[in-house]
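Residue strings, one per chain:
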Amino acid sequence: GEYYHVYDSTLAPRCTIRIVGMELCRWEAIPERLWRGETNASAAEFRADHEEYFDHPGPDFEFVAYYFERVES
């Protein structure tokens, strides 16, 4: 349950979040709760949205998904 401050591109504070979970994920097996939480319609759409961010990963690529909730100030 760590708390983090989130800033926009001008470094203005936007909100505070609390990490509620973490999960090791594989590129070819994106969990439904992750892609739905990112408002994607499918795991394939999640991969398309994140392919450049992860520098075009292969099928064995692993990454950590962070799940969080917004904390009201």
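This section reports on the structure supplied with the text. Everything numeric in this text was worked out from a predicted model, so none of it was measured.

## Re the pattern of salt bridges
Then step 1. Applying the stated rule across the entire model yields four salt bridges.
Then step 2. As a salt-bridge pair, Arg-26 and Asp-60 come within 2.7 Å of each other at their nearest N and O atoms. Placement of Arg-26 in strand β2 (residues 13–26) and of Asp-60 in the loop between α2 (43–50) and β3 (62–71) is noted, with a sequence separation of 34 residues between them.
Then step 3. Owing to a relative accessible area of 59%, Asp-60 belongs among the exposed residues under this scheme.
Then step 4. The closest approach of N and O atoms between Arg-36 and Glu-32, which form a salt bridge, is 2.6 Å.

## So, the packing of aromatic side chains
Then step 1. Scanning all chains against the criterion turns up eight aromatic pairs.
Then step 2. Ring geometry for Phe-46 against Phe-63: centres 6.3 Å apart, planes inclined by 15°, an arrangement best described as stacked. Residue Phe-46 is found in helix α2, and its partner Phe-63 is found in strand β3; the two are separated by 17 residues along the sequence. Here Phe-46 and Phe-63 have matching classes, each one buried.
Then step 3. Pairing Tyr-53 with Phe-54 gives two aromatic rings, centres 5.1 Å apart and planes at 75°, and the pair type is edge-to-face.

## A short note on a nonpolar patch on the surface
Then step 1. Taken together, the side chains of Met-22, Leu-24, Val-64 and Tyr-66 make up a nonpolar region of the molecular surface, amounting to roughly 420 Å² of accessible area.
Then step 2. Listed by contribution, the elements that provide at least two residues to the nonpolar patch are β2 and β3.
Then step 3. Structurally, the position occupied by Leu-24 is in strand β2.
Then step 4. Take Leu-24: its relative accessible area is 57%, and that puts it in the exposed class.

## Observations concerning the environment of Ala-48
Then step 1. Mapped onto the fold, Ala-48 is located in helix α2.
Then step 2. For Ala-48 and Glu-38, which are ten residues apart along the polypeptide, the C-alpha to C-alpha distance reads 12 Å.

## A word on the sheet that holds strand β1 (residues 3–7)
Then step 1. Reading across the sheet, the three strands line up as β1-β2-β3 and stay open at both edges, with antiparallel pairing between neighbours. Where the open sheet ends on each side, the last strands, each with one partner, are β1 and β3. Going across the sheet, the axis of each strand differs from the next one's by a mean of 50°, ignoring polarity.
Then step 2. Looking at chain direction, β2 and β3 are connected through ten bridges and run antiparallel. Bridging from a neighbouring strand, Arg-18 pairs with Glu-69 of β3.

Rules and cut-offs
- Residues numbered from 1 in each chain as written.
- Predicted model: local features only at pLDDT ≥ 70, side-chain atom pairs only at ≥ 80, totals over all residues.
- Heavy atoms only, no water.
- Salt bridge = Lys/Arg side-chain N within 4 Å of Asp/Glu carboxyl O.
- Helix = DSSP H or I, 4+ residues; strand = E, 2+ residues; numbered from the N terminus.
- Buried < 20%, exposed > 50% of the residue type's maximum accessible area, 1.4 Å probe, protein only.
- Phe/Tyr/Trp six-rings, centres within 6.5 Å; stacked < 30°, edge-to-face > 60°.
- Patch = residues over 30% accessible without salt bridge, like charges linked within 9 Å, V, L, I, M, F, W, Y side chains within 5 Å.
- Areas by Shrake-Rupley, 256 points an atom, 1.4 Å probe, with all protein chains shown as cover.
- Pairing = 2+ DSSP bridges.
- Axes fitted to C-alpha atoms, helices over the stretch in contact; angles between N-to-C directions.

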